[in-house]
Amino acid sequence: MTKRIFQSICVVAVTVLLATLILIMGVLYDYFSRVQNEQLSDQADMAAKGMAGQGVDFFQGLDLDGCRISWIAADGRVLYDNMGDAESMENHLDREEVREAMETGRGESSRYSHTLTQKLSYQARLLPDGTVIRLAVSKYPVWVLMMGVLQPVLVVALLAVLLSLLLASRLSAKLIKPLNEVDLTDPLKNVEYEELRPLLSRIDSQHKQLKRDREELEKNEQIRREFTANVSHELKTPLHSISGYAELLAKGIARPEDVQNFSAKIYSESQRMTSLVEDIIELSHLDTGAADMKREEADLYLIARTAVDSLTMAAKEAEVELKISGESAKIYGVPQLIYGICYNLCDNAIKYNRKKGSVNVSVKNGEDEAVLKVSDTGIGIPEESRERIFERFYRVDKSRSKAVGGTGLGLSIVKHAALIHHAKIEMESVPGSGTSFTVRFPKNPEIKELR
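Residues numbered from 1 in each chain as written. Predicted model: local features only at pLDDT ≥ 70, side-chain atom pairs only at ≥ 80, totals over all residues. Heavy atoms only, no water.

**A closer look at the confidence of the model for the protein chain**
Summary statistics for the protein chain give a mean pLDDT of 79 and a share of 80% for residues scoring 70 or more. Low pLDDT, under 50, characterises residues 445-451; the stretch is placed with eleven contacts to residues that sit more than four places away or in other chains. (pLDDT = per-residue confidence, 0-100. Contact = heavy atoms within 4.5 Å.)

Written out as structure tokens, the structure is:
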């Protein structure tokens with residue numbers, strides 16, 4: 001970049017120098033032409049006075065340093081010419097300067113002379129006797145003038161070029177220095193050129209985004225490691241139990257009266273492991289956005305009713321009253337995921353309830369949203385645990401979770417399924433009194449058209 005700036009400055013400097021020289025030469029040529037004409041006019045006036053006073057004797061010993069002088073009769077004949085044979089010259093009556101002098105007393109012109117084979121400037125004066133005296137000098141072209149001043153012009157041009165190179169080198173280095181000193185870790189610090197602020201702002205924004213992405217990747221990696229560790233732990237526990245009971249049965253160590261109990265334990269632990277694997281698969285599917293699942297119009301109330309019916313037996317076994325109320329509410333989404341939200345909220349409400357407690361499920365149909373609410377009279381959630389309840393494998397009461405067979409993934413499934421439907425989850429809880437979850441599903445414009 002420094003090289004390009006240096007070259008650009010040099011090109012500009014040389015261009016300006018050449019343009020300046022051309023302009024100066026034009027001005028000088030115009031100036032010298034005017035000075036030459038003025039001098040020639042003065043000499044013509046002096047020659048006219050000399051001829052008027054001395055007559056032909058004025059030409060004796062006259063030396064005008066390269067100036068051509070002619071004396072022309074009233075009829076146009078050349079009576080005298082200091083640079084040619086007057087008798088052999090053609091009639092000059094048609095010459096512009098001669099004709100003008102005879103008419104006004106003064107005449108001038110500029111043209112090519114075939115006699116001297118060069119361009120001349122003419123000045124003519126009318127004498128008292130009706131004759132005309134005319135003076136002429138060579139009018140050199142501009143290149144002749146340039147040759148006359150070539151040496152000093154070349155010296156000046158050379159000095160100007162050297163000075164331009166020096167200044168271009170220093171200026172380009174000075175211009176580039178602030179760019180080289182830009183701190184890319186903090187690009188908006190000490191911005192030298194305001195024109196660069198938009199670019200540096202974008203770089204700063206990208207740095208911040210990269211930092212956020214890096215932090216997000218580190219966070220996801222941490223979550224992945226924790227998830228892997230938790231899955232390993234959760235699977236290891238039932239596998240150890242199954243392995244232990246199976247070993248006792250296989251070696252015949254178990255007493256006959258314990259065989260049925262051990263078999264029931266193996267079945268229970270295998271069911272727990274199956275449930276855990278199913279939840280992990282579902283959660284992994286939700287992490288990808290569930291793009292392969294079909295979206296359609298669904299009735300939130302009917303889905304919630306189905307989930308309640310599926311859990312009726314579990315509620316009776318836990319001695320918890322489970323009931324549903326509300327109205328039809330059409331939303332647009334994935335019925336399987338909506339069912340998972342209803343099922344997991346109700347399942348948690350039953351598992352973490354107290355005996356003779358209750359779970360109330362209600363569905364409300366609003367103008368812009370459908371609202372699902374699941375309230376229980378259970379153990380509640382402590383204040384310090386409320387921000388973590390949607391984390392995978394997080395349990396508020398680990399001993400109770402183990403007793404009721406929870407996997408710790410239910411609320412994580414609810415959270416991801418709600419995100420896919422752009423639904424909002426609200427939670428209220430009083431430790432020892434119960435918890436209430438409210439899920440607000442936005443109505444899709446397509447649903448309004450169908451209705």
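Here the narrative resumes.
**Observations concerning a negative patch on the surface**
Together, Glu96, Glu100, Glu103 and Glu108 line one region of the surface with negative charge. Looking at the negative patch, the element that brings in the most residues is helix H2 (residues 96-104), giving three residues. As for its position among the elements, Glu96 is in helix H2. (Patch = residues over 30% accessible without salt bridge, like charges linked within 9 Å, V, L, I, M, F, W, Y side chains within 5 Å. Areas by Shrake-Rupley, 256 points an atom, 1.4 Å probe, with all protein chains shown as cover. Salt bridge = Lys/Arg side-chain N within 4 Å of Asp/Glu carboxyl O. Lys, Arg positive; Asp, Glu negative; His and termini not counted. Charge placed at Lys NZ, Arg CZ, Asp CG, Glu CD. Helix = DSSP H or I, 4+ residues; strand = E, 2+ residues; numbered from the N terminus.)

**As for helix H11 (residues 410-420)**
Counting buried positions along H11 yields nine of eleven residues, so the element is predominantly enclosed. For H11, the full list of buried residues reads Gly410, Leu411, Ser412, Ile413, Val414, His416, Ala417, Ala418 and Ile420. Within two residues after H11, His422 carries a phi angle of roughly 55 degrees, on the positive side. (Buried < 20%, exposed > 50% of the residue type's maximum accessible area, 1.4 Å probe, protein only.)

**A look at the sheet that holds strand E9 (residues 357-365)**
Spatial ordering of the open sheet is given by E7-E9-E10-E12-E11, a layout of five strands whose pairing is mixed. Of all strands in the sheet, those bounded by a partner on one side alone are strand E7 (320-326) and strand E11 (424-430). Strand after strand, the sheet turns through a mean of 10 degrees between neighbouring axes, direction not considered. One ladder, built from seven bridges, connects E9 with strand E10 (residues 369-376); its direction is antiparallel. If you follow Val361 over to E10, its bridge partner there is Val374. On the sheet, helix H9 (residues 335-351) packs against E7, E9, E10 and strand E12 (434-442) and is oriented at approximately 20 degrees with respect to E10. (Pairing = 2+ DSSP bridges. Axes fitted to C-alpha atoms, helices over the stretch in contact; angles between N-to-C directions.)

**Some words on the packing of aromatic side chains**
Under the definition given, this model contains one aromatic pair. A cation over a ring is seen here: Arg111 above Tyr122, with NZ or CZ 4.3 Å from the ring centre. (Phe/Tyr/Trp six-rings, centres within 6.5 Å; stacked < 30°, edge-to-face > 60°. Lys NZ or Arg CZ within 6 Å of the ring centre and 35° of its normal.)

**Topic: the pairing of E11**
As judged from the seven bridges shared by E11 and E12, these two strands associate in the antiparallel manner. If you follow Ser429 over to E12, its bridge partner there is Thr435. Connecting the antiparallel pair E11 and E12 is a turn made up of three residues, with Gly432 showing a positive phi of about 85 degrees.

**Regarding the environment of Ala47**
Inspection of the secondary structure puts Ala47 in helix H1 (residues 2-54). Residue Ala47 is classed as buried on the basis of its relative accessible area, which comes to 2%. Discounting residues that sit within four places of it in the chain, Ala47 has contacts with Phe58, Ile69, Ile133 and Leu135.

**Some points on the environment of Leu345**
Mapping Leu345 onto the fold places it in helix H9. Sequence spacing of Leu345 and Val361 is 16 residues, and the spatial spacing of their C-alpha atoms is 9.5 Å. Residues within four places of Leu345 in sequence aside, it is in contact with Leu372, Val374, Leu411, Val414, Phe437 and Val439.

**So, the side chain of Ser436**
Within the element layout of this structure, Ser436 appears in strand E12. Its relative accessible area of 12% is what places Ser436 among the buried residues. Separated by 3.1 Å, the side chains of Ser436 and Ser375 make a polar contact. For Ser436, the residues in contact, after removing those within four places along its chain, are Lys373, Val374, Ser375, Glu426, Met427 and Glu428. (Polar contact = N/O pair within 3.5 Å; in protein donor to acceptor, adjacent residues only side chain to side chain.)

**Looking at the packing of helix H7 (residues 300-310) against H9**
It is at 9 Å that the axes of H7 and H9 come closest, and there the two elements cross at 50 degrees. Taken together, the axes of H7 and H9 are oblique relative to one another. Here H7 runs over H9; the crossing is right-handed. Each of Leu300, Ile303, Ala304, Thr306, Ala307, Val308 and Ser310 in H7 lies in contact with H9, whose residues at this interface are Pro335, Ile338, Tyr339, Cys342, Tyr343 and Cys346. The class makeup of the residues in the contact of H7 with H9 is eleven nonpolar, two polar and no charged. (Parallel < 35°, antiparallel > 145°, perpendicular 65-115°, else oblique. Left-handed = near helix turned anticlockwise from the far one by under 90°. Nonpolar A, V, L, I, M, F, W, Y, C, P; charged D, E, K, R; others polar.)

**Looking at the environment of Asp45**
With respect to the secondary-structure elements, Asp45 resides in helix H1. Overall, the relative accessible area of 25% leaves Asp45 in the partly exposed class. In contact with Asp45, not counting residues within four places along its chain, are Arg106 and Arg125. Of the polar contacts made by the side chain of Asp45, one reaches the side chain of Arg106; its length is 3.2 Å.

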